[in-house]
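Observations on the three-dimensional arrangement
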Amino acid sequence: MGKFHRWGMILAFLVIVGCAYIGIRMVFIGDKNVVVPEVAGMQLVDALNALQTQELLYKVDRVDSSAPADTVVSQNIAAGEKVAKGKLVLLRVSKGGAMQPIPDVRGMKFEEGVKKLSEAGFKVDKITRVTDKLAPSGTVIAQNPAAPQQVSANCMVSLLVSSGASGESSFVTVPDLRGYDRQAAEDMIKQLGLKLGNTSESPSTSVPLGSVLSSRPRTGARVPAGSLINLTIARDPLPSESTPEEPPRNDQDPARAEAVRKVVIKETNPAAIPSKLPESGGTAAKKAEVSGTAPAAGGERERAQAQPETQRQIPAGALTKSAKVRYQVPPLTRPLSLKIEIADEFGTRVLKDGVAKSGEYISMNVPYSGEARITIFLGGDFVWQDRYN
C-alpha cells in the first residue's frame, strides 16, 4: 500500500511539472513565433482578417491619400517581422475623397498667386520672404506642394516669396541657360519673372542637340522684369554647314583640310599641314597660318571656348566656401527623379541624382570656390535655383 501511494505521488508531481512547462512555453516562447503579414495595399476588411488570423490587434488611422477609399496605405510594423501574439499594429488607411491638381503659381506676383490658389480651393498656410536679386520683389519663387501633382482638396500651400534687393527689385539678371534643355530653360525664364521671346536654331556640336546654345540678352545682363529672352537652340549641322568647332570649309585642298581638321579638333600633337592654298588667298598671313603651329593652338582655344562647361581637376584646398542646401520634396503621388547640380569656377558637379521620396528632407553643406549656382530638378523639371558668392 505504501509503495502504491509513493508512485502516485511521483506521477502527480510529473503531471504538475509538465503542465507548468507547457504554460511557460505558451506564454514566453510560443507567442514570439507570430509573423506580421503584409497588408499594405489591401482593402481594410482583408487586412483585418489577415491580422486576426495571426492573433494580432490593430488600430486604424485614416489619412488623406490618392489611393482608393479603405485601402491600407502603410503599416507601422514591417511584414515578416516576428512579434508576440496580441501585438498592436497601426494601419494608415486612405480616406479616398477628392484629389485635384495644384496650380503652378511660380513666377506670379504674390497677390495673383494667392488668388489663383484660392480659386482652385487651396489656402496659403506659410509665407517665407527672402532677399533675392534674381526675382522681382513680391514674386513667388517656389511653392510646396509643387505643381504639377494631384493633392487632397484640403491641402495647405506654403510659398517662398522674393523681397527683392535694395534698389534692384525691378530688374532681373539673365541666368546662364547654356546646355539646359528647352523646357527647363523656359521654366527657369518664367520662374525669374521673365518671358520667353523668339527661338531659333543654329548648328552646333558643343552642347546636346535640342539644348540652349545661347540667349539674348546675354548671360549676366540686367534687364527689367518681364523682359523677353530669345533663345538659340542647338541642332545637328548639315553636311554643307560648318560650326564654330570646325575649320572653315572654303579650302578646296582636301589634304590640307584634313590636316587642319586633325590639328584643330582631334589631335593635340602638331601635324604637318600642306602649304598649298587657293591662289586668290596667298597672303602673308595665310602663309604664316600654315607654316607654324600657332593656328593650331588658337584652334584649341576656340574649341575650348565652344565646349560646354565641364568639371575640371580641383586642387586640394581650393574649395574654401560652403553652401547650405536645404530642400524638402513635396508630397508625391508617384516616384520622380531628383537631380541637384552645383556649378562654380571648377565646372558643374552632380550632388545628388536618384529617385525622390515623398516628403524627403535634403540637407547638405557643399564646398565650392568663387561664385556658385545650385540647381534642383524634380521629375526632369527645373524647380529651384540658388546662387552663392
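Check the entry above for the structure.
So, about the sheet that holds strand β21 (residues 381-388). With antiparallel pairing, 4 strands are arranged side by side in an open sheet as β18-β17-β20-β21. The sheet is open, and its two borders are formed by β18 (347-356) and β21, each paired with just one other strand. Within the sheet, the average angular offset between the axes of one strand and its neighbour, ignoring direction, is 15°. Relative to β21, strand β20 (residues 372-378) is paired through 7 bridges, and the arrangement is antiparallel. Residue pairing across strands places I376 opposite W384, the latter belonging to β21.

Our next topic: the nonpolar core. Ranked by size, the top nonpolar core spans 25 residues in total, and within it Y327, L338, I374, I376, L378, W384 and Y388 carry the most contacts. Secondary-structure elements contributing two or more residues to this core are β8 (140-144), β16 (321-328), β17 (336-344), β19 (361-368), β20 and β21. Those residues in contact with Y327, other than ones at most four positions away along the chain, are L338, E360, Y361, I362, I376, L378 and V383. Among the nonpolar cores identified, the runner-up in size contains 18 residues, and Y180, M188, V223 and F382 belong to it.

This paragraph deals with the side chain of Q143. Tracing the chain through its elements places Q143 in strand β8. For Q143, a relative accessible area of 8% corresponds to the buried category. Within the structure, Q143 has its side chain in polar contact with the backbone oxygen of P103 (distance 3.1 Å). Within the local environment of Q143, its side chain forms a polar contact with the backbone nitrogen of V105, the two atoms lying 2.8 Å apart. With residues near it in sequence (within four places) discarded, Q143 still touches I102, P103, D104, V105, R106, V157, S158 and L159.

The next thing to look at is unusual backbone geometry. Cis geometry is found at the peptide bond from N144 to P145, where omega equals 5°. Topologically, P145 is positioned in the loop between β8 and β9 (150-152). Even without glycine at this site, E55 takes up a positive phi of about 60°. One can find E55 in the loop between α2 (44-53) and β2 (57-63).

Quick notes on the rules
- Residues numbered from 1 in each chain as written.
- Predicted model: local features only at pLDDT ≥ 70, side-chain atom pairs only at ≥ 80, totals over all residues.
- Heavy atoms only, no water.
- Pairing = 2+ DSSP bridges.
- Helix = DSSP H or I, 4+ residues; strand = E, 2+ residues; numbered from the N terminus.
- Axes fitted to C-alpha atoms, helices over the stretch in contact; angles between N-to-C directions.
- Core = buried A, V, L, I, M, F, W, Y, C linked by side-chain atoms within 4.5 Å.
- Buried < 20%, exposed > 50% of the residue type's maximum accessible area, 1.4 Å probe, protein only.
- Contact = heavy atoms within 4.5 Å.
- Polar contact = N/O pair within 3.5 Å; in protein donor to acceptor, adjacent residues only side chain to side chain.

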